[in-house]
Amino acid sequence: MDTLVIQGNKTLKGEVSISGAKNAALPILAASILASGESSFTGIPYLRDVVTMGRLLSTMGCKFDYADGTAVIDSASINHFEAPYELVKTMRASVLALGPLVARYGKARVSLPGGCAIGARPINLHLMGLEKMGAKIKLEGGYVIAKANVLRGASLFFDTVTVTGTENLMMAAALARGTTVLENAAREPEVVDLANCLISMGARIKGAGESVIEIEGVDTLRPAKRYRVIPDRIEAGTFMAIAGICGSDLLLKNCRSDHLDAVIMKLKDTGVSFKDTKKGLRVRGHGRPVSADLKTIPYPGFPTDMQAQFMAMMTVAKGTSVIKETVFENRYMHVAELKRMGADISIEGGAAAIRGVEQLKGAPVMATDLRASASLVVAALCAKGETRISRIYHLDRGYEKMDEKLRQLGADIYRLPDKS
Ligand code: UD1
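What counts as what
- Residues numbered from 1 in each chain as written.
- Predicted model: local features only at pLDDT ≥ 70, side-chain atom pairs only at ≥ 80, totals over all residues.
- Heavy atoms only, no water.
- Helix = DSSP H or I, 4+ residues; strand = E, 2+ residues; numbered from the N terminus.
- Rg over C-alpha atoms; globule rule 2.2 N^0.38 Å.
- Contact = heavy atoms within 4.5 Å.
- Areas by Shrake-Rupley, 256 points an atom, 1.4 Å probe, with all protein chains shown as cover.
- Lys, Arg positive; Asp, Glu negative; His and termini not counted.
- Charge placed at Lys NZ, Arg CZ, Asp CG, Glu CD.
- Pairing = 2+ DSSP bridges.
- Axes fitted to C-alpha atoms, helices over the stretch in contact; angles between N-to-C directions.
- 1 Å grid on protein atoms, 1.4 Å probe; cavity = no way out; pocket = protein on both sides within 12 Å on 5 of 7 lines; lining within 4 Å.
- Points joined across faces, edges and corners; volume = space filled by probe spheres on them.
- Near = heavy atom within 4 Å.
- Polar contact = N/O pair within 3.5 Å; in protein donor to acceptor, adjacent residues only side chain to side chain.
- Nonpolar A, V, L, I, M, F, W, Y, C, P; charged D, E, K, R; others polar.
- Salt bridge = Lys/Arg side-chain N within 4 Å of Asp/Glu carboxyl O.
- Buried < 20%, exposed > 50% of the residue type's maximum accessible area, 1.4 Å probe, protein only.
- Phe/Tyr/Trp six-rings, centres within 6.5 Å; stacked < 30°, edge-to-face > 60°.
- Lys NZ or Arg CZ within 6 Å of the ring centre and 35° of its normal.
- Parallel < 35°, antiparallel > 145°, perpendicular 65-115°, else oblique.
- Core = buried A, V, L, I, M, F, W, Y, C linked by side-chain atoms within 4.5 Å.

Novice: Describe the overall build of the protein, and please don't skip the residues or the numbers.
Specialist: When you go through the protein residue by residue, the secondary structure sums to 14 helices and 24 strands. The C-alpha atoms of the protein give a radius of gyration of 21 Å, which matches the 22 Å a tight globule of 420 residues would have. Restricting to contacts in the protein with at least 6 residues of sequence separation, those with at least 24 account for 73%. Of the roughly 16700 Å² that the protein leaves accessible, carbon and sulfur atoms contribute 48%. Side-chain charges of the protein comprise 54 positive and 44 negative groups, with the mean position of each set lying 1 Å from the other.

Have a look at this one:
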């Protein structure tokens with residue numbers, strides 16, 4: 001397992017190009033199951049999760065090719081309708097195969113994802129939706145077994161907003177008989193991107209991006225042709241936090257600032273400045289940030305996937321910040337690691353109080369999940385001395401060439417390959 005070694009306390013400067021969104025790419029690649037023939041997608045980031053999705057599609061019988069951001073998937077010979085435990089345990093988003101498989105082939109066997117570092121993360125709402133659409137669901141040996149002669153449109157209400165749940169059911173409904181209405185649906189830009197991709201394949205979807213989505217099922221979908229995924233708003237937000245904590249001047253290219261309103265507004269409160277330019281979004285930090293309180297909420301609220309990076313920034317803020325995570329019950333794994341670097345954080349009643357210190361100090365720390373790793377990179381870049389972040393494979397799941405991009409901005413960062 002590689003380790004990332006960072007000598008911090010440097011001011012970074014320059015341009016960085018934001019990659020395609022992991023969380024848009026994964027459901028969009030899974031959507032290729034819905035059509036027969038060759039689909040192609042561009043702007044696909046080279047990430048461990050994308051490689052895992054490619055392996056999953058290949059085990060089903062698809063031909064998966066990837067080069068330079070373009071993925072080509074031939075789904076004409078799908079003959080295995082399963083997402084095995086070995087893949088689901090490394091990537092929960094493998095459950096996105098469930099809706100498309102049931103809709104197109106009337107059967108699927110998908111491993112139940114277990115709990116993970118950030119919480120229990122059940123998929124009961126995905127299953128509830130498929131059942132209401134007529135699928136028979138059994139749980140057996142750690143697997144969900146779903147069968148349906150025909151899926152029928154239904155009115156579905158999510159009592160918790162779920163991103164992949166909305167996506168799974170939107171994909172299933174695209175090929176169901178009749179109209180499906182998803183109420184209290186997720187409004188994330190990645191849901192909208194998936195809907196746009198499905199529409200380009202011939203689906204009839206209205207309201208994506210709002211809390212009620214209406215899908216009128218069609219008999220067949222055609223393969224997507226060079227559909228381009230949106231830029232990754234969480235990667236962009238992570239670079240914003242880096243600019244804020246390092247007092248840096250960064251130009252983010254290929255960044256959709258309209259997907260980052262809540263993050264930009266919050267960072268402005270901490271003293272970070274933003275300017276839209278012809279070349280991209282200029283983000284500047286100015287000395288120590290000012291403290292700010294935060295609550296994570298589903299889109300358009302402040303994203304849970306940016307909570308850890310924002311907390312890293314607040315560890316050196318002037319004043320005390322209170323951060324409340326409301327989406328995942330256990331998403332404070334980074335706290336203990338940030339404390340190893342000198343952060344002053346306490347957790348009480350489900351909220352974290354962060355008393356800003358003047359300077360963090362480098363330390364050996366461990367990445368525990370994807371966004372926790374990103375927060376350690378943010379902290380390490382401003383800490384005095386050397387930080388070694390082990391288990392960096394978590395970062396590689398969701399950030400494309402993070403170390404290379406940072407090096408180009410002037411960071412002193414290198415990767416120690418695993419020798420075992
Ligand atoms: C997606 C994102 C992840 C992000 C999360 C929240 C992808 C591939 N992953 O994950 O990066 O952190 O949205 O923005 O897009 N829940 C239930 N029952 C369900 C489904 C969810 O109770 O059937 C709960 C979860 O435990 C959690 C909340 O709903 O507390 C939100 O989870 P959800 O939006 O489903 O997260 P994911 O789609 O797994």
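Novice: Give me the lowdown on the sheet that holds strand β22 (residues 364-366), citing residues and values where you can.
Specialist: In a beta sheet, neighbouring strands are held together by backbone hydrogen bonds and run either parallel or antiparallel to one another. Read from one edge of the open sheet, four strands run β22-β23-β1-β24, paired in mixed fashion. If you trace the sheet from one side to the other, it starts and ends with β22 and β24 (412-416), each paired once. Adjacent strand axes in the sheet meet at a mean angle of 20°, parallel and antiparallel pairs treated alike. Taken together, the five bridges between strand β1 (residues 3-7) and β24 define a ladder with antiparallel strand orientation. Bridging across to β24, leucine 4 finds its partner in arginine 415. Each of β1, β22 and β23 (386-390) touches helix α12 (residues 370-382); the most contacted strand, β1, lies at about 30° to it.

Novice: Go over the layout of surface pockets with me, naming the residues and quoting the values.
Specialist: Empty space among the atoms can be located by rolling a probe the size of a water molecule over them. Here the second largest pocket is characterised by a volume of approximately 320 Å³. Ser19, Gly20, Ile44, Pro45 and Glu400 are, among the 20 residues lining the second largest pocket, the residues nearest its centre. Per element, the largest residue contribution to the lining of the second largest pocket is three residues, and it comes from helix α14 (residues 402-408).

Novice: Pulling in residues and values, what's your account of the sheet that holds strand β12 (residues 204-206)?
Specialist: Taking strand neighbours across the sheet as the criterion, the four strands line up as β10-β11-β13-β12 in an open arrangement whose pairing is mixed. Looking at the sheet topology across the chains shown, the edges are occupied by β10 (155-157) and β12. On average, each strand axis in the sheet is inclined to that of its neighbour by 15°, with strand direction left out of account. In this sheet, strand β13 (residues 212-216) lies alongside strand β11 (residues 179-183) in antiparallel orientation, the contact comprising five bridges. Paired with glutamate 183 across the two strands is valine 212, which belongs to β13.

Novice: Before we move on, could you go through the site of the ligand and cite the residues and values that matter?
Specialist: Close contacts around the ligand come from 18 residues, with Asn124, Thr162, Thr164, Asp305 and Val327 the closest. Asparagine 23 places a polar side-chain atom, nitrogen or oxygen, 3.0 Å from an oxygen atom of the ligand. Between an oxygen atom of the ligand and a main-chain N or O atom of proline 122, the distance comes to 3.4 Å. Notes on the ligand: free accessible area 750 Å², of which the protein chains cover 86%. Of all elements in the fold, only α5 (124-132) and α6 (163-174) reach the threshold of two or more residues within the shell around the ligand. Residues belonging to the shell around the ligand are distributed by class as follows: eight nonpolar, seven polar and three charged.

Novice: Now, about the pattern of salt bridges: what can you tell me, with residues and values included?
Specialist: Summed over all chains, the structure comprises 20 salt bridges. Two residues, glutamate 216 and arginine 204, come together in a salt bridge whose shortest N-O distance is 3.3 Å. Here arginine 204 lies in strand β12 and glutamate 216 lies in strand β13, a separation of twelve residues in the sequence. Classification of arginine 204 as partly exposed rests on a relative accessible area of 48%.

Novice: Please give an account of the packing of aromatic side chains that cites residues and values.
Specialist: Within the structure shown, the criterion is met by three aromatic pairs. One Lys or Arg, arginine 109, reaches over the ring of tyrosine 143 and ends 3.8 Å from the middle of that ring.

Novice: How would you sum up the packing of helix α1 (residues 22-30) against helix α2 (residues 48-59)? Please name residues and give values.
Specialist: Two packed helices can be described by the angle between their axes and the distance between those axes. At their nearest, the axes of α1 and α2 sit 10 Å apart, and the two run at 10° to each other. The pairing of α1 with α2 is recorded here as roughly parallel in orientation. Here Lys22, Leu26, Leu29 and Ala30 of α1 come into contact with α2, specifically with Asp49, Val50, Met53 and Leu57. Classifying every residue of the contact of α1 with α2 by side-chain character gives six nonpolar, no polar and two charged.

Novice: Summarise the nonpolar core; cite the residues concerned and give the values.
Specialist: By size, the foremost hydrophobic cluster in this structure holds 81 residues, and its most contacted members are Leu29, Met170 and Leu198. The residues contacting methionine 170, other than those within four sequence positions of it, are Leu182, Val191, Leu194, Ala195, Leu198, Ile205, Ile213 and Ile215. Residues Val272, Val335, Val357 and Leu360 belong to the second largest nonpolar core, which totals 69 residues.

Novice: Explain empty space enclosed by the protein residue by residue, including any values.
Specialist: Going through the model one piece at a time under the given rule, you end up with one cavity of 30 Å³ or more. Roughly 30 Å³ of volume is contained in the largest cavity. Lining the largest cavity are Ser19, Gly20, Pro45, Leu47, Asp232, Glu235, Gly398, Tyr399 and Glu400.

Novice: Could you give an account of the environment of alanine 374, naming the residues involved and the relevant values?
Specialist: Tracing the sequence through the fold places alanine 374 in helix α12. Considered as a pair, alanine 374 and threonine 238 are 136 residues apart in the sequence and their alpha carbons are 7.3 Å apart. Those residues in contact with alanine 374 that sit more than four places away from it in its chain are Thr238, Gln309, Leu395 and Tyr399.

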